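Topology and contacts: notes
One-letter residues, chain by chain:
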Amino acid sequence: MVGKEREQDEIWKVRKLLSRPNYAVLKLLMEKSPRTTRELYQKLGGKFTRKTLIITLRDLSMQLNVLEPTHIRTDRGYGLGYSINPKLKDVIKSVEKFERIVEGLGGN
């Protein structure tokens, strides 16, 4: 099957979370949460296409259940936004910690 993921192993969700666009969205939401969809597009639009960001938000909210859609009060009324699942915040902090440890092992 072309384009389909191969057999999933025990850490496929972690691998999916750490893909470039998924992790970029999670990092922004760690800085400030909730954020509107428009705000996410503005911040990440230079790094990723709009289509990639739409797919990323869909995957993170519907497939992986790490984003929680929420209504955010804006100057135009209410808009759709996302907040990060509180359980995932500790995971992201751990990933950052592990990254610093791994970087410290390198022989720069």
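Each remark here, short or long, concerns the structure printed above.
A brief report on the enclosed structure follows. Keep in mind that this is a model prediction, so the values were computed, not measured.

1. A short note on the sheet that holds strand S3 (residues 77–84)
With antiparallel pairing, 3 strands are arranged side by side in an open sheet as S1-S3-S2. Whereas interior strands pair on both sides, the edge strands pair on one side only; in this sheet they are strand S1 (35–36) and strand S2 (67–74). Taken together, the 8 bridges between S2 and S3 define a ladder with antiparallel strand orientation. Within S3, the position partnered with arginine 73 by the bridge is tyrosine 78. Those strands touched by helix H4 (residues 50–63) are S2 and S3, and its axis lies near 115° from that of S2.

2. Re helix H3 (residues 37–44)
Buried residues of H3: Thr37, Glu39, Leu40, Tyr41 and Leu44, and no others. Tucked into the core, H3 has its buried residues touching helix H2 (20–31), S1, H4 and S3.

3. Observations concerning the pattern of salt bridges
Applying the stated criterion across every chain yields a total of 7 salt bridges. Linking arginine 15 and aspartate 9 is a salt bridge whose minimum nitrogen-to-oxygen distance equals 3.1 Å. With a relative accessible area of 47%, arginine 15 lands in the partly exposed category. Among the salt bridges present, the one from lysine 32 reaches glutamate 39, with a minimum N-O distance of 3.0 Å. For lysine 32, a relative accessible area of 40% corresponds to the partly exposed category. We classify glutamate 39 as buried; its relative accessible area is 18%. What you see here is one network of salt bridges that share partners, running through Glu31, Lys32, Arg35 and Glu39.

4. Considerations on the nonpolar core
Grouped together as the largest cluster of nonpolar side chains are 21 residues, with contacts concentrated most on Leu26, Val66 and Leu67. For this core, the elements supplying multiple residues, two or more each, are H2, H3, H4, S3 and helix H5 (86–105). Tallying contributions element by element places H2 first for this core, with 6 residues. When neighbours within four sequence positions are excluded, valine 66 is seen to be in contact with Leu17, Leu26, Leu60, Ser83, Ile84, Asn85 and Leu88.

5. Structural notes on a nonpolar patch on the surface
A cluster of nonpolar side chains, contributed by Ile11, Val14 and Leu18, occupies part of the molecular surface with about 240 Å² of accessible area. Along the polypeptide, valine 14 turns up in helix H1 (residues 12–17).

What counts and what doesn't
- Residues numbered from 1 in each chain as written.
- Predicted model: local features only at pLDDT ≥ 70, side-chain atom pairs only at ≥ 80, totals over all residues.
- Heavy atoms only, no water.
- Pairing = 2+ DSSP bridges.
- Helix = DSSP H or I, 4+ residues; strand = E, 2+ residues; numbered from the N terminus.
- Contact = heavy atoms within 4.5 Å.
- Axes fitted to C-alpha atoms, helices over the stretch in contact; angles between N-to-C directions.
- Buried < 20%, exposed > 50% of the residue type's maximum accessible area, 1.4 Å probe, protein only.
- Salt bridge = Lys/Arg side-chain N within 4 Å of Asp/Glu carboxyl O.
- Core = buried A, V, L, I, M, F, W, Y, C linked by side-chain atoms within 4.5 Å.
- Patch = residues over 30% accessible without salt bridge, like charges linked within 9 Å, V, L, I, M, F, W, Y side chains within 5 Å.
- Areas by Shrake-Rupley, 256 points an atom, 1.4 Å probe, with all protein chains shown as cover.

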